[in-house]
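Each chain is listed here by its residues.
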Amino acid sequence: MRTIIQNGTVVTAGGVFKADVEIQGTTITSIAQKIKPEIGDRLIDASHQYVLPGGIDVHTHLAWPFQSTGTADDFVSGTKAAAVGGITSIINFTNPKRGASLIDTQKEWIEKGKLSAIDYGLHAIINEYSDRVLEELPILAEEYGVSSIKLFMAYKGELMVNDLEMYKIMKKAGELGVITNVHAENGDVIDELVKQAIAEGKTDPIYHGYTRPTIMEAEATGRALAIAEAADAPVYIVHVSCADALQKVNEAKKRGVKAFAETCPHYLVLDISYLDLPDFEGGKYVCSPPLREKWNQDVLWNGIRNGLISVVGSDHCPFQFEGQKTLGKDDFSKIPNGMPGLEDIFPLLYHFGVHEGRISLQKFVEAISTAPAELFGLSKKGSISVGKDGDIVILDPNRSRVISAETQYQNLDYNAYEGMEVQGVITHVLSRGEIIVKDGHFIGELGRGKYILRDRLQKTPSLNQQKEMQV
Ligand code: DUC
Ligand code: ZN
Ligand code: ZN
């Protein structure tokens, strides 16, 4: 069936213009001032609305075992929530059991995604070095389309790798054109700070913030970037939360390191004061790195504007308040680390970014769709242009809504942004040409989402030019 989105304002990273968009089957086939409809066409009127490329959230933890529990959203609830919120592709993290083969883990996680409502890829987490890792990485890249891995510098005994492991794994990844995501916090020092705090009876959620200082994020960020430089490997620092860490990214980029940075909505919108809410409400806001002093927000927005931060990802790592966050009621170190964000990332970035004048529409599209597609090799996604998948969000900028747990699709007993009124209402979401969301309701089918085989960096030309662009 042919679909024509009529009379909308089309936004790409390169421009904003009035046009009709034609989709035949799954693919965008024409963009023109006026496309003549024919009998049998499905017409969508986008007058006075923006026609945007579907959001790509490259940082999700669906169905993720962590800290003796597991995240509250699986691929069913999580991808429905994503779709309603304007996200048409995700890249989720795997989580290999100790000593497990990366290939077996990848197969297991592809299977976990079988009921996805939207397309999904998987970053391979590597939690220890072995010769087998080096043997399996090329197979993952070639046969499973895994163009990105993830290493942690914190969570000792669960996920953390040491510097030598990081160097060896990054080196191999770099040779393959595979980009390494890094969680950059100094796990050893943080563990000691946490121990000291608990011993001193400092058990409230606010101490989660105090025991993970910005300087320990910055130190690890600088170290990861230096190791990537030595390994001549591309590196993506996930969830940059503060000015101190972003400064390290800036220095590395100036040296010519193939370095990229991500921040998340919670660092752009919330701050450390939320950890201090009474009656253990602060537990809802425990994530790592922690929420920071408010002044860091301006530095992060500025980083998005000037290209120092390429991507905004949700780091959707949801835990129920009752029964999961409350595990740490008497000891903040037992609160599972993570915040929700998958359903709200797109509206929050639009509202606080575009509507409130912090970033342009094009920058919004770049950070939520175009850049993640390029960095992580989603060659059919990330832009409204002929030949790309018909992954499209239609957003009415003249309407507003209030975020609430009552109305969310996320499988969660709270919403971190409860009560916030956001300008901009998503009226339609199309995924590969199919309307999967209409007026806030998911109307697609579960299991329609496809596992994405992703390209490696050398096949994404604009990224390869990035080094020169940033000098
Ligand atoms: N940070 C979180 O808050 N949750 C999951 C893991 C992480 O790095
Ligand atoms: Zn992390
Ligand atoms: Zn994460």
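Keep in mind it's a predicted model, so treat the numbers as computed, not measured.

S.K.: Tell me about the pattern of salt bridges, and please be specific about residues and values.
M.R.: Under the criterion given, the structure shown has 25 salt bridges. Of the charged contacts, one joins Glu192 and Lys195 as a salt bridge, the two residues approaching to 3.8 Å between their closest N and O atoms. One end of the pair, Glu192, and the other, Lys195, are both in helix 5 (residues 187-199), three residues apart, so they sit about a helical turn from each other. Accessibility expressed as a relative area gives 38% for Glu192, which makes it partly exposed. For Lys195, a relative accessible area of 57% corresponds to the exposed category. As a salt-bridge pair, Lys284 and Glu281 come within 2.9 Å of each other at their nearest N and O atoms. You can call Glu281 partly exposed: its relative accessible area is 29%. One salt-bridge network, held together by shared partners, links Asp119, Lys381, Asp389, Asp391 and Arg432.

S.K.: Got a sec to walk through the packing of aromatic side chains? Specific residues and values, please.
M.R.: For the coordinates displayed, the defined rule picks out 13 aromatic pairs. Considering the side-chain rings of Phe66 and Tyr155, the 5.0 Å spacing of their centres and the 85° angle between planes classify their relative orientation as edge-to-face. Pair noted here: Phe66 is in strand 7 (residues 65-66) and Tyr155 is in the loop between strand 11 (148-152) and helix 4 (163-176), with a separation of 89 residues, a long-range link. Each of the two residues, Phe66 as well as Tyr155, counts as buried. Ring pairing ties together the aromatic residues Tyr50, Phe346, Tyr350 and Phe364, which thus form one cluster. Against the face of Phe321 rests Lys284, its NZ or CZ located 5.0 Å from the ring centre.

S.K.: Quick rundown of the coordination of the zinc ion (ligand 3)? Include the residues and the values.
M.R.: Listed as protein donors to the zinc ion (ligand 3) are His59 (NE2), His61 (NE2) and Asp315 (OD); their distances from the metal cover 1.9 to 2.1 Å. Each donor residue of the zinc ion (ligand 3) lies on the same chain, and together they follow the pattern H-x1-H-x253-D. Taken as a pair, the zinc ion (ligand 3) and the zinc ion (ligand 2) show a spacing of 3.7 Å. Of this pair, His61 sits in the loop between strand 6 (55-60) and strand 7 while Asp315 sits in the loop between strand 15 (311-312) and helix 11 (345-355); the two residues are 254 residues apart in sequence, bridging distant segments of the chain. For the pair shown, His61 and Asp315 are each scored as buried.

S.K.: Explain the site of ligand 1 to me, using residue names and the numbers behind them.
M.R.: Within the structure, ligand 1 sits among Phe66, Phe152, Tyr155, His183, His239, Cys287, Ser288, Asp315, Cys317, Asn337 and Gly338. In this structure, Tyr155 approaches ligand 1 through a side-chain N or O atom, which is 3.5 Å from a nitrogen atom. At a separation of 2.7 Å, an oxygen atom of ligand 1 approaches a polar side-chain atom of His183. In the complex, the protein chains occlude 99% of the 240 Å² of accessible area that ligand 1 would expose alone. Here the residues of the shell around ligand 1 are counted per class, giving five nonpolar, five polar and one charged.

S.K.: Before we move on, can you summarise the side chain of Glu343 with the specific residues and values?
M.R.: Tracing the chain through its elements places Glu343 in the loop between strand 15 and helix 11. One buried charged residue, Glu343, remains without a salt bridge, the closest side chain of opposite sign being Arg401 at 5.5 Å. A polar contact of 2.8 Å, which involves the side chain of Glu343, links it to the backbone nitrogen of Gln410. Beyond its immediate stretch of four places on either side in the chain, Glu343 contacts Ala81, Val84, Gly85, Thr407, Gln408, Tyr409 and Gln410.

S.K.: So what's going on with the pairing of strand 5 (residues 50-53)? Which residues, and what values?
M.R.: Here strand 5 shows two buried faces, one formed by Tyr50 and Leu52 and the other by Val51 and Pro53. Bridge analysis of strand 1 (residues 2-12) against strand 5 gives two bridges, and the strand direction is parallel. Bridging across to strand 5, Thr9 finds its partner in Tyr50. Pairing of strand 5 with strand 16 (residues 392-402) involves four bridges; the strand directions are antiparallel. Residue pairing for strand 16: Tyr50 is matched across the bridge by Leu395.

S.K.: How would you summarise the domain arrangement of the chain if you had to cite specific residues and measurements?
M.R.: Per the domain assignment, the segments making up the chain are domain 1 (2-52 + 381-397 + 421-459) and domain 2 (54-375). Here the C-alpha centre of domain 2 lies 28 Å away from the C-alpha centre of domain 1. Contacts between the two partners involve 44 residues from domain 1, matched on the other side by 53 residues from domain 2. Taken together, the two surfaces of domain 1 and domain 2 that pack against each other cover about 3700 Å², and 63% of this comes from carbon and sulfur. Summed over the three residues of domain 1 that lose the most area to domain 2, namely Tyr451, Arg454 and Arg456, the buried surface amounts to 23% of that side. Scanning the region where domain 1 abuts domain 2 turns up two salt bridges. Its salt-bridge partner being Asp119, residue Arg432 comes within 2.6 Å of it at the nearest N-O pair. On inspection of domain 1 and its partner domain 2, the count reaches 23 residue pairs in polar contact (both at pLDDT 80 or more). Mapped onto the side of domain 1 that touches domain 2, the elements with two or more residues apiece are strand 1, strand 2 (15-24), strand 5, strand 16, strand 17 (421-431), strand 18 (434-438) and strand 19 (441-442).

S.K.: With reference to specific residues and values, describe the nonpolar core.
M.R.: Counting 123 residues, the largest nonpolar core has Leu52, Met170 and Phe364 as its most contacted members. Residue contributions to this core reach at least three from each of two domains, namely domain 1 (2-52 + 381-397 + 421-459) and domain 2 (54-375). Once residues within four sequence positions are removed from consideration, Phe364 is found in contact with Leu52, Phe346, Leu349, Tyr350, Val354 and Ile359. Residues Ile56, Phe260, Leu375 and Leu457 belong to the second largest nonpolar core, which totals 15 residues.

Parameters at a glance
Residues numbered from 1 in each chain as written. Chains lettered and ligands numbered in written order. Predicted model: local features only at pLDDT ≥ 70, side-chain atom pairs only at ≥ 80, totals over all residues. Heavy atoms only, no water. Salt bridge = Lys/Arg side-chain N within 4 Å of Asp/Glu carboxyl O. Helix = DSSP H or I, 4+ residues; strand = E, 2+ residues; numbered from the N terminus. Buried < 20%, exposed > 50% of the residue type's maximum accessible area, 1.4 Å probe, protein only. Phe/Tyr/Trp six-rings, centres within 6.5 Å; stacked < 30°, edge-to-face > 60°. Lys NZ or Arg CZ within 6 Å of the ring centre and 35° of its normal. Donors = N, O, S within 2.8 Å, 3.2 Å for Na, K, Ca; no water. Near = heavy atom within 4 Å. Polar contact = N/O pair within 3.5 Å; in protein donor to acceptor, adjacent residues only side chain to side chain. Areas by Shrake-Rupley, 256 points an atom, 1.4 Å probe, with all protein chains shown as cover. Nonpolar A, V, L, I, M, F, W, Y, C, P; charged D, E, K, R; others polar. Lys, Arg positive; Asp, Glu negative; His and termini not counted. Contact = heavy atoms within 4.5 Å. Pairing = 2+ DSSP bridges. Domains from an automatic or database assignment. Buried area = accessible area lost by both parts, 1.4 Å probe. Core = buried A, V, L, I, M, F, W, Y, C linked by side-chain atoms within 4.5 Å.

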